[in-house]
Amino acid sequence: MKINVPITHLSQSLDAICQTISAERYNGKPLIFLSLQQKREAVRLMEELGALELRDAVNRMARKLGMSRVWVYNCLKT
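Since we're looking at a predicted model, the values are computed, not measured. (Residues numbered from 1 in each chain as written. Predicted model: local features only at pLDDT ≥ 70, side-chain atom pairs only at ≥ 80, totals over all residues. Heavy atoms only, no water.)

Q: Please clarify how the side chain of Ser13 should be interpreted in this entry.
A: Mapped onto the fold, Ser13 is located in helix H1 (residues 13–25). A residue is classified by how much of its surface remains accessible, and Ser13, at 8% relative accessible area, is buried. (Helix = DSSP H or I, 4+ residues; strand = E, 2+ residues; numbered from the N terminus. Buried < 20%, exposed > 50% of the residue type's maximum accessible area, 1.4 Å probe, protein only.)

If you want it as structure tokens, here you go:
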């Protein structure tokens with residue numbers, strides 16, 4: 001996956017990755033409006049890309065999905 005959004009600071013990288021995933025996989029649909037299965041898929045994709053290694057990424061990803069960070073961690077376990 002190629003990120004086509006300009007990033008001027010590392011803190012913007014998670015937003016850029018989420019925006020790219022939304023555009024490429026879900027026709028631009030905001031992550032919060034995805035189905036539960038699609039949200040799980042998005043979390044796994046973020047993990048594969050290494051995006052969840054960024055500072056506070058799990059909390060921010062949880063907010064973007066409208067889920068708890070515990071839910072995100074449970075997705076990563078399965």
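Q: I keep staring at the packing of H1 against helix H2 (residues 36–49) and nothing clicks. Help me out?
A: The description of two packed helices rests on the angle between their axes and on the distance between the axes. Relative to each other, H1 and H2 sit at 125°, their axes nearing to 11 Å. In terms of their interaxial angle, H1 and H2 are classed as oblique. In this structure, H1 meets H2 at a crossing whose hand is right-handed. Residues Leu14, Ile17, Cys18, Ile21 and Arg25 of H1 pack against Glu41, Leu45, Met46 and Leu49 of H2. Across the contact of H1 with H2, the residue classes break down as seven nonpolar, no polar and two charged. (Axes fitted to C-alpha atoms, helices over the stretch in contact; angles between N-to-C directions. Parallel < 35°, antiparallel > 145°, perpendicular 65-115°, else oblique. Left-handed = near helix turned anticlockwise from the far one by under 90°. Contact = heavy atoms within 4.5 Å. Nonpolar A, V, L, I, M, F, W, Y, C, P; charged D, E, K, R; others polar.)

Q: Could you clarify how one ought to interpret the pattern of salt bridges in this entry?
A: Pairing between side chains becomes possible if they bear opposite charge and their charged atoms approach one another. Applying the stated rule across the entire model yields two salt bridges. The salt bridge partner of Arg60 is Asp15, with a shortest N-O separation of 3.4 Å. Placement of Arg60 in helix H3 (residues 57–65) and of Asp15 in helix H1 is noted, with a sequence separation of 45 residues between them. Of the residues examined, Arg60 reaches a relative accessible area of 18% and is grouped as buried. What makes Asp15 partly exposed here is its relative accessible area of 32%. Taken together, the salt bridges that share partners define one network made up of Asp15, Arg60 and Lys64. (Salt bridge = Lys/Arg side-chain N within 4 Å of Asp/Glu carboxyl O.)

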